[in-house]
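Listed below are the residues making up each chain.
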Amino acid sequence: MTDEEIKQNNQELADFFNQEREKNVAFLRKKYKKYKLSNKEMDDIFNDSCLELFKNIQDGKLVSLDTTLSFYLTQICKIQGLKKIRDTRLTTELLNKYEKILYDIKHKGHFFDNEKKDNISILRKKFNFSETDAEDVYQEACLAMYKNVLEGKFEIVISDPATYLKQTCIFQALKKVRDTKDFIEYKPNKVYDLMNEDNGYTWDERQLMKEMVKHLPKPCDTILRLYYEGISMEEILLKVDEINTFTSLKVRKSQCVRKLKAKFDKIRKKI
Amino acid sequence: MKNNIDYEYFDSQVDKFLRNHMTAEEETAFKAELDTYEEKKQRARTIALMIHSMQEVGRDGRERDQRMIDTIKTMSEEQFRNVALKPHAVSLWSRITRYASAACVAGLLAFGGYRYYNYNQTVSLGEKEYMAYSLDISEMGTFKSASDNDTNIRVKLTELFANVKERKTIPSTISELERLYKLALDEDSSYYYYVDDIAWNLAIAYLKDGDREKPIPLLEDMIKRNERYPAITKPAKELIQKIKDL
């Protein structure tokens, strides 16, 4: 590799991490608002996350991605944030409470019954599941968690048992969605043909759209990018913090397309 | 018809069409609809262009991500830290840090590529030294002798110095600082009061750009101009030595 290439690659990395620092600190501030993390703590979390990413790459755990590097880094930040909260905010009292819940789970107490109503409601809202489907997913999540607790895989270090169960429900729900939905990719020839109707778009117009797509505002950037990559609406809903229901997401997606189109039409007239 | 389009439904139809998810009859009806209603046709075309652009941008992004993963794979932890993490202001001057850096240098020389090492160490030195000078100079005021009507200049310099500090847009920042440094050498120029601040930041910018030749004459001139001010000459002399030691 030449000096120039090394320089370019390093600059690309520096720019990436600079942008990510800003984005992830804002994310942590919002996500863990109630724990009032200081700027230095958030900086430390981000630095630890970068080093974790580095370690994963060096250890061969991360060779290629099926998501973006940015999203991957944010997921690490989320976990590192929880670790920091556990180490600095959780009291012995709270940790003892969690231990009691684990004991309850191991001895088939009422934990799963107590959490059922909330989780079913989340599953129905976020995944548009019927009552029966939501119940099935909840059962599977409970079983998975019970098994993990018995095998000692459940780590109190990351979160409280109720949050862990909620995450397990979401994971099981995504599995169900992926198993049952048939995702068909866009056919390049159809996209191309439709795009080129009426003599097609000029080079300038194509570049304009590309730039607009690159700089879409939030949350349209995430919604449209993931949607057109073939990610299910259910999964997108989990990645867009601002939107909580399936219906709102569908409406927002349509609005994003409409706004993008309107802006595109407005600017292209000036070209 | 313009106001009666159910966009949500129509978009899902376009989606089905582009994914080949329509029956032959549905497809014929859909095409006829596009031919009849110009607004629908234009919306469908724009959606197709958007999908095409999304895919292109996504492909570019994936290539960039993969390139970054491959770059990180070839780096040592020290190199990665220099590029990705924010430097800490505290303890940069401590002997311990310097000795630790020396130990890292020895290790890197043994295991890393020499050119890669040289470039990254130069950049790393830039990261560390910026903080060092800022701390020292702050005791006597970073913008010494600045008068009230210098606000615009100060705003401009603050922005450029922040670019150097954060390692943002280094090439353009360097060319602007070079221009201002030339102006600042003229005693009649409004920038004259900031000549050393500009010189120091320009030297650091060169280091952050991986260049260890250009900072030396700048720093030597700083020393000449400020013989009676050890707060300025000391970090300048130390930095020259560190560059020569690389």
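Cut-off values and rules
- Residues numbered from 1 in each chain as written.
- Chains lettered and ligands numbered in written order.
- Predicted model: local features only at pLDDT ≥ 70, side-chain atom pairs only at ≥ 80, totals over all residues.
- Heavy atoms only, no water.
- Helix = DSSP H or I, 4+ residues; strand = E, 2+ residues; numbered from the N terminus.
- Buried < 20%, exposed > 50% of the residue type's maximum accessible area, 1.4 Å probe, protein only.
- Contact = heavy atoms within 4.5 Å.
- Buried area = accessible area lost by both parts, 1.4 Å probe.
- Salt bridge = Lys/Arg side-chain N within 4 Å of Asp/Glu carboxyl O.
- Polar contact = N/O pair within 3.5 Å; in protein donor to acceptor, adjacent residues only side chain to side chain.
- Phe/Tyr/Trp six-rings, centres within 6.5 Å; stacked < 30°, edge-to-face > 60°.
- Lys NZ or Arg CZ within 6 Å of the ring centre and 35° of its normal.
- Disulfide = S-S within 2.5 Å.
- Axes fitted to C-alpha atoms, helices over the stretch in contact; angles between N-to-C directions.
- Left-handed = near helix turned anticlockwise from the far one by under 90°.
- Nonpolar A, V, L, I, M, F, W, Y, C, P; charged D, E, K, R; others polar.
- Arc of directions from axis to C-beta.
- pLDDT = per-residue confidence, 0-100.
- Expected span 1.5 Å × (residues − 1).
- Bend = angle between axes of the 7 residues up to and from the residue.
- Parallel < 35°, antiparallel > 145°, perpendicular 65-115°, else oblique.

Draft legend 1. Up close: the overall build of chain A. The helix and strand tally for chain A stands at 12 helices and zero strands. The linear arrangement of helices and strands in chain A, starting from the amino end, is α-α-α-α-α-α-α-α-α-α-α-α. Each of the 271 residues in chain A was classed as buried or not, and the buried ones make up 43%. A fraction of 67% describes how many contacts in chain A between residues 6 or more apart in sequence connect residues 24 or more apart.

Draft legend 2. Representation of the interface of chain A and chain B. Tallying the contact residues gives 63 residues for chain A and 59 residues for chain B. Interface area, chain A with chain B, both sides summed: about 6200 Å², of which 61% is carbon and sulfur. Area buried by chain A at its contact with chain B is led by Phe54, Lys190 and Leu194 of chain A, which between them contribute 11% of it. Linking chain A to chain B there are six salt bridges. Of the charged contacts, one joins Asp209 of chain B and Lys7 of chain A as a salt bridge, the two residues approaching to 3.5 Å between their closest N and O atoms. On inspection of chain A and its partner chain B, the count reaches 19 residue pairs in polar contact (both at pLDDT 80 or more). Every element with two or more residues in the side of chain A that touches chain B is listed here: helix 1 (3-31), helix 2 (39-58), helix 8 (188-195), helix 9 (203-214), helix 10 (220-228) and helix 12 (246-270) of chain A.

Draft legend 3. Quick look at the pattern of salt bridges. Counted under the stated rule, the structure contains 25 salt bridges over all chains. Ionic pairing is found between Lys214 of chain A and Glu211 of chain A, a salt bridge with its closest N-O pair at 3.4 Å. Taken together, the residues Lys214 of chain A and Glu211 of chain A, both in helix 9 and three residues apart, mark about one turn of the helix. The partly exposed category is assigned to Lys214 of chain A, whose relative accessible area is 43%. We classify Glu211 of chain A as partly exposed; its relative accessible area is 35%. We note a salt bridge from Lys16 of chain B to Glu26 of chain B, for which the minimum N-O separation is 4.0 Å. Taken together, the positions of Lys16 of chain B in helix 1 (residues 7-18) and Glu26 of chain B in helix 2 (residues 24-36) put the pair 10 residues apart, joining distant regions of the chain.

Draft legend 4. Expanded view of the packing of aromatic side chains. Applying the stated criterion across every chain yields a total of 10 aromatic pairs over all chains. Note on Tyr186 of chain A and Tyr228 of chain A: the rings are 5.9 Å apart at their centroids and 45° apart in plane angle, and the pair reads as tilted. With Tyr186 of chain A in the loop between helix 7 (161-180) and helix 8 and Tyr228 of chain A in helix 10, this pair connects stretches of sequence that are 42 residues apart. The two residues Tyr186 of chain A and Tyr228 of chain A agree in class, both being buried. Ring pairs connect the aromatic residues Phe16, Phe17 and Phe54 of chain A together with Phe80 of chain B, which therefore count as one cluster. Over the face of the ring belonging to Phe17 of chain B we find Lys190 of chain A, whose NZ or CZ atom lies 4.2 Å from the ring centre. The ring of Tyr201 of chain A has Arg45 of chain B sitting right over it, with the charged end atom 4.3 Å from the ring centre.

Draft legend 5. How the structure looks around the state of the cysteines. Residues and elements named next belong to chain A. For the structure on display, the rule yields one disulfide over all chains. The disulfide partner of Cys220 is Cys256, and the S-S distance across this bridge is 2.1 Å. Disulfide Cys220 to Cys256: torsion about the S-S bond roughly -80°, handedness left-handed. Of this pair, Cys220 sits in helix 10 while Cys256 is found in helix 12, placing the two residues 36 residues apart along the sequence. The thiol of Cys50 is not disulfide-bonded; the next cysteine sulfur, from Cys77, is found 6.8 Å away. By relative accessible area, Cys50 is classed as buried at 0%. The thiol of Cys142 is unpaired, and the distance to the nearest cysteine sulfur, on Cys169, comes to 6.2 Å. The exposure class assigned to Cys142 is buried, which follows from its relative accessible area of 9%.

Draft legend 6. Representation of the packing of helix 9 of chain A against helix 3 (residues 38-73) of chain B in the model. Where helix 9 of chain A meets helix 3 of chain B, the closest approach of the two axes is 9 Å, and the angle between their N-to-C directions is 65°. Here helix 9 of chain A runs over helix 3 of chain B; the crossing is right-handed. Residues Glu205, Arg206, Met209, Lys210, Val213 and Lys214 of chain A of helix 9 of chain A form the contact with helix 3 of chain B, whose own contacting residues are Thr46, Leu49, Met50, His52, Ser53, Met54, Glu56, Val57 and Asp60 of chain B. Here the contact of helix 9 of chain A with helix 3 of chain B is built from residues that sort into six nonpolar, three polar and six charged.

Draft legend 7. Just helix 10 (residues 215-225) of chain B, in detail. Among the residues of helix 10 of chain B, Pro215, Ile216, Leu218, Leu219, Met222 and Ile223 of chain B are the ones counted as buried. Viewed along the axis of helix 10 of chain B, the buried residues span an arc of 165°, placing them on a single side of the element.

Draft legend 8. Here's a closer look at unusual backbone geometry. All names here are of chain B. Residue Asn20 is not a glycine yet carries a positive backbone phi of 60°. In this fold, Asn20 is placed in the loop between helix 1 and helix 2. Classification of Asn20 as partly exposed rests on a relative accessible area of 42%. Positive phi, close to 60°, is recorded for Arg167, a residue that is not glycine. Mapped onto the elements, Arg167 comes out in the loop between helix 7 (151-166) and helix 8 (170-184). On the basis of relative accessibility, which here comes to 2%, the residue Arg167 falls in the buried class.

Draft legend 9. Looking closely at the confidence of the model for chain A. Mean pLDDT over chain A stands at 84; residues scoring 70 or higher make up 95%. When the elements of chain A are averaged for pLDDT, helix 11 (residues 233-239) of chain A gives the smallest value, 79, and helix 2 of chain A the largest, 93.

Draft legend 10. Looking closely at the environment of Glu27 of chain B. Among the structural elements, Glu27 of chain B can be located in helix 2. A sequence separation of 11 residues divides Glu27 of chain B from Lys16 of chain B, and the C-alpha atoms of the two residues are 9.2 Å apart. Residues contacting Glu27 of chain B, with those up to four places away along its chain left out, are Lys190 of chain A together with Phe17, Asn20 and Met22 of chain B.

Draft legend 11. Representation of helix 5 (residues 111-127) of chain A. Residues and elements named next belong to chain A. The terminal C-alpha atoms of helix 5 lie 23 Å apart, and with 17 residues this matches the ideal 24 Å at 1.5 Å per residue to within 8%. The axis of helix 5 is deflected most strongly, by about 40°, at Lys117. Backbone geometry just downstream of helix 5 places Asn128 in the positive-phi region, at approximately 60°.

Draft legend 12. A look at the packing of helix 10 of chain A against helix 3 of chain B. Two elements in contact, helix 10 of chain A and helix 3 of chain B, have axes whose closest approach is 10 Å; the angle formed by their N-to-C orientations is 90°. Regarding the angle of helix 10 of chain A to helix 3 of chain B, the classification is roughly perpendicular. The residues of helix 3 of chain B that touch helix 10 of chain A, namely those facing Leu224, Arg225 and Tyr228 of chain A, are Ile47, Met50, Ile51, Met54 and Gln55 of chain B. Each residue belonging to the contact of helix 10 of chain A with helix 3 of chain B can be placed in one class, and the counts come to six nonpolar, one polar and one charged.

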